[in-house]
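Single-letter residue listing:
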Amino acid sequence: MSGPDISVVICVYTEDRWEDILAAVASVRAQSRPALETLLVVDHNAALLDRLTKEYKEYREAGEVQVLANAGPRGLSAGRNTGIAASRGEVVAFLDDDAVAERDWLRRFAEGYADPRVMAVGGRTVPIWASGRRPAWFPEEFDWVVGCTYRGLPPGRVRVRNVLGGNASFRRTAFDAAGGFATGIGRDGDRRPLGCEETELCIRLTRARPDAVLLIDDRAVIHHRVPEAREHFGYFRTRAYAEGLSKALVARSVGADKGLESERRYATRVLPAGVVRGLRDALLARPGGAGRAGAIVAGVLTAAGGYVVGRAQTRGGGATFSVVRIEATQDGQGSQDSQGSRVGQGSQGSTEEAHD
């Protein structure tokens, strides 16, 4: 089959998602364009590591599924870096552990790499609501809150600043040029819904390779499970606040011009249009219209508050994150050489974009 070989990395951390993990792996194995391999990276959970090793023993022996322990510090970034280092494909794709990919997911990714300038291709992430339907008050403009593609992104295959980490792929040479995912930015077991490591990496990549092209192809579709706890306004507010904190850290790392480039358009065009739609629906007595308008306003104010707090914290100095230089390994355990970068002290959170 023409095109690059693709390794798929799925980072996992809890047995609570056992059935989801099995479904994610099954969706990769059912691809119309087969993956070279699937790597399950377990984040400091010995029981889950042992259980998955037994579950996929025969597939490991065939080279189809590898089960690895996170070789770095606890967290999603180090887990991804472990998978990158242990993978063999020319392209490395990432799938969330609570998502399933449609059959042509990898085929769409592969098509994007026909242009040698393309360094990353992401896709469209569709929510699967635990309640069976979108909450009436929940605005599509804020679907990044639950890790999904949000209203406001243009359709088709389009150039973007950054891709969504749970539905994304990168050329291996992208990591050679820019290093891996920065540890100390994304989720690391903290209760706060952190992230933004994808944004930071993509901006760092385009600085290292100014000719690099990053794409989202909305035909590369995955379906992402949204648990019941994330359908409530409390989570919405917490996630929006964490987003503001996160953007403050990214802005400190890569500069506000790049760090907030997409967010300015989102805040000045996409969100006002969403408020107008919500108010119009309210006037027409359509369910949830006023709630959606109110949620957009509350989300903006909460994220802005998080950003202000995050900027104040980063000015204090003292916190560090590490940009990792990834070394390929032969033993199935990724090697990560940290190159510490001092940034301001602060908490982190995220958007998933073209937002995240």
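All of these numbers come straight from a predicted model, not from anything done at the bench. (Residues numbered from 1 in each chain as written. Predicted model: local features only at pLDDT ≥ 70, side-chain atom pairs only at ≥ 80, totals over all residues. Heavy atoms only, no water.)

In this section: the pairing of strand S8 (residues 167–171). For S8, a buried count of 5 out of 5 residues is recorded, marking the element as mostly surrounded by other parts of the structure. Burial along S8 is two-sided: the residues Asn167, Ser169 and Arg171 and Ala168 and Phe170 are all buried. Where strand S4 (residues 91–95) lies against S8, 5 bridges are found, and the strand directions are antiparallel. Counted as the bridge partner of Val91 is Arg171 from S8. Across 3 bridges, strand S6 (residues 118–129) lies against S8 in antiparallel orientation. Bridge pairing links Val121 to Ser169 in S8. (Buried < 20%, exposed > 50% of the residue type's maximum accessible area, 1.4 Å probe, protein only. Helix = DSSP H or I, 4+ residues; strand = E, 2+ residues; numbered from the N terminus. Pairing = 2+ DSSP bridges.)

With that out of the way, let us pick up the nonpolar core. The nonpolar side chains of a soluble globular protein tend to be buried, and buried together. With 32 residues, the main nonpolar core has Ile10, Leu40, Leu52, Leu95 and Trp105 as its most contacted residues. If we skip the residues at most four places from it in the chain, Leu95 touches Val8, Val9, Ile10, Cys11, Ala24, Ser27, Val28, Ala101, Trp105, Gly166 and Ile222. (Core = buried A, V, L, I, M, F, W, Y, C linked by side-chain atoms within 4.5 Å. Contact = heavy atoms within 4.5 Å.)

For the structure shown, the criterion picks out 29 salt bridges. The partner of Arg17 in a salt bridge is Asp97, with the nearest N and O atoms 2.7 Å apart. With Arg17 in the loop between strand S1 (6–12) and helix H1 (18–29) and Asp97 in the loop between S4 and strand S5 (99–101), this residue pair connects regions lying 80 residues apart in the sequence. Each member of the pair, Arg17 as well as Asp97, carries the same accessibility label: buried. Ionic pairing is found between Glu37 and Arg88, a salt bridge with its closest N-O pair at 3.3 Å. Highlighted residues: Glu37 in strand S2 (residues 37–42) and Arg88 in the loop between helix H4 (76–86) and S4, separated in sequence by 51 residues. Classification of Glu37 as buried rests on a relative accessible area of 3%. Through salt bridges with shared partners, a single ionic network connects Asp104, Arg107, Arg108, Glu111, Arg157, Asp217 and Arg219. (Salt bridge = Lys/Arg side-chain N within 4 Å of Asp/Glu carboxyl O.)

A few words now on the confidence of the model for the protein. In this model, the protein carries a mean pLDDT of 87, and residues with pLDDT of at least 70 account for 83%. In this model, residues 338–356 is a region of pLDDT below 50 whose contacts with residues beyond four sequence positions or in other chains number 104 contacts. (pLDDT = per-residue confidence, 0-100.)

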